[in-house]
Each structure stands twice: as structure tokens, then as C-alpha cells.
Amino acid sequence: MLDSYKHKGMRRQLVDELRLKGIKDEQVLNAMNTIPRHFFLDKVFTEQAYSNMAFQIGAGQTISHPFTVAFQTELLRIQKGDKVLEIGTGSGFQTAILCQLGAKVFSIERQKELFMKSQPILDHFRFSPKLKFGDGYKGWPAFAPFNSIIVTCGAPFVPEDLVLQLADNGRMVIPIGEGKNQEMILIQKKGNQITQEKLGVFSFVPMLKDTAK
Ligand code: SAH
């Protein structure tokens, strides 16, 4: 796949749009300007890849809106070398943004088709996140604790295992709600204290409960 001047130009415009919509973290904006989103989409969406839209990525799932990716990423305040757990690898685009920011990324996906598809795209960028086919509700205890956890599907509640796997001073961003819309929640852990903050309404595909299939 080619990252043409046209794609680069469209990406710059998208980044300007993200800035206008309130994304301030220059490192996040830089990562959004660097990673070609169209590489993560079916060819039929190449021309629209830089509009602030969600698209089908297979298995009935969608890639998140660029604004949502930037918004969730900004909330994590990632430092180089941070261990970050992502629930819902999907297309791998959010995973790539986290890698671009220098995080050590661990990402779980419960749809086999998507799990298989994301690895070669991430390899293409020479990113090496650890990907797992499995159930995100359980997190990834073998690599815990994580400095940040990002859930990219709408969860009916905050999974306790994920809170347990959050490091001290860790941040978790998770959309909560079972209907069409979810409330974005930022959870922070400071010693024994867990705080929760509501940060607006978004729309995600649901976080599914059954074991991976
Ligand atoms: N971060 C992705 C977003 C994909 S949509 C991207 O940038 O493309 C959310 C993803 O969460 C879907 O791929 C869906 O299959 C996955 N998902 C849903 N429930 C899950 C669960 N319990 N564990 C792991 N992944 C899950």
C-alpha cells in the first residue's frame, strides 16, 4: 500500500480538525499525523480514511473515529516505555498509535478474524506489540501491572480484573454503557484510592462477554 502526498495532505487536515475539536497533546497529534489510517482499512475506504468516521473492519466490528482514538490516547498521558494494555485490537490502528508514542503495548482481541489480520499490518510498521486472541474481561495478568489500560469497546461495567491489573498511579480509560452510547470514564489509581471521572458520551461496538471464538 502507498502513502501518497494526497494521503499525507488529508491526514494533516484531519489533525487540524482534531486540534479544533480540542485535542491538545502535540505528541498524540503527531502520532495521528504519522500513522496512515488507510493502511488499516479495506481498500474501498481509502479515499474516506481521513474523514472523522468509523468504518467496518470485518466480523461486524468498526475502527474507532479518529477523534475517539485521539481523545482516549490523550487521556492516558503516555510516557515512552509505559506498559499499556488495550482491549479490542480490532484493525490495529489504535495499537499502532500507542506504539508510535513509545509504549510497550499488549492488546487483546476476541474475534479470530481480526486478531489474524492486525498482526501483519503492525509488522509492516516494525512495531512489535504483544497480541493475544482472548477475552479482554480477564486482562493479561502475566504482564500486569500496566501503567495504562484502554478499552476500545463499550463495556457494561468496569471489569474488576482490569482495575486489579492497573499499576499504582495508573490510568484506565473505558467507555461504559450497554446501549448505543457509552459514557467515557477515566479511572485513576493512587495507592488504595480509585477515582472515576465522566468525560462525555461516545458510541462504541459492545464489549462481548463470552469466551473468545
Ligand atoms: N481499537 C480498535 C477498535 C475496534 S472496535 C481499532 O482501532 O480498530 C472494538 C473491538 O473490541 C472489536 O474488534 C471487538 O471484536 C473487540 N472486543 C469486543 N469484546 C471484546 C472482549 N471481551 N475482549 C477483547 N476484545 C473485544
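About the thresholds
- Residues numbered from 1 in each chain as written.
- Predicted model: local features only at pLDDT ≥ 70, side-chain atom pairs only at ≥ 80, totals over all residues.
- Heavy atoms only, no water.
- Helix = DSSP H or I, 4+ residues; strand = E, 2+ residues; numbered from the N terminus.
- Buried < 20%, exposed > 50% of the residue type's maximum accessible area, 1.4 Å probe, protein only.
- Areas by Shrake-Rupley, 256 points an atom, 1.4 Å probe, with all protein chains shown as cover.
- Lys, Arg positive; Asp, Glu negative; His and termini not counted.
- Charge placed at Lys NZ, Arg CZ, Asp CG, Glu CD.
- Contact = heavy atoms within 4.5 Å.
- Core = buried A, V, L, I, M, F, W, Y, C linked by side-chain atoms within 4.5 Å.
- Pairing = 2+ DSSP bridges.
- Axes fitted to C-alpha atoms, helices over the stretch in contact; angles between N-to-C directions.

### A closer look at the overall build of the chain
Within the chain one finds six helices and nine strands. Counting the 213 residues in the chain, one finds 54% classified as buried. Surface accessibility of the chain: about 10300 Å² in total, with carbon and sulfur atoms responsible for 53%. Across the chain, 27 positive and 21 negative side-chain charges occur, with their mean positions spaced 3 Å apart.

### Considering the environment of Pro-159
Following the sequence through the fold, Pro-159 ends up in the loop between β6 (146-151) and α6 (160-164). In the structure, Pro-159 is positioned 27 residues away from Lys-132 in sequence and 18 Å away in space, judged by C-alpha atoms. With near-sequence residues (within four places) excluded, Pro-159 lies in contact with Tyr-137, Ile-174 and Met-207.

### A closer look at the nonpolar core
If you look at the biggest cluster of nonpolar residues, it comprises 46 residues, and the most contacted ones within it are Leu-18, Ile-23, Met-32, Phe-40, Phe-93 and Ile-97. Residue contributions to this core peak at six residues, all from helix α3 (residues 66-76). What Leu-18 contacts, discounting residues up to four positions off in sequence, is Ile-23, Leu-29, Met-32, Pro-66, Phe-67 and Ala-70. Within the second largest apolar cluster, 21 residues are counted, among which are Leu-85, Ile-87, Ile-108 and Ile-174.

### A short note on the sheet that holds β6
Strands sit in the order β5-β4-β3-β6-β7-β8-β9 across an open sheet of seven strands; the sheet is mixed. The open sheet is flanked by β5 (130-133) and β9 (193-202), the only strands paired with a single partner. Across the sheet, the mean angle from the axis of one strand to that of its neighbour is 15 degrees, orientation sign disregarded. Contacting β4 (104-109) and β5, helix α5 (residues 112-124) runs over the sheet at an angle of about 165 degrees to β5.

These figures come from the coordinates and say nothing about function on their own.
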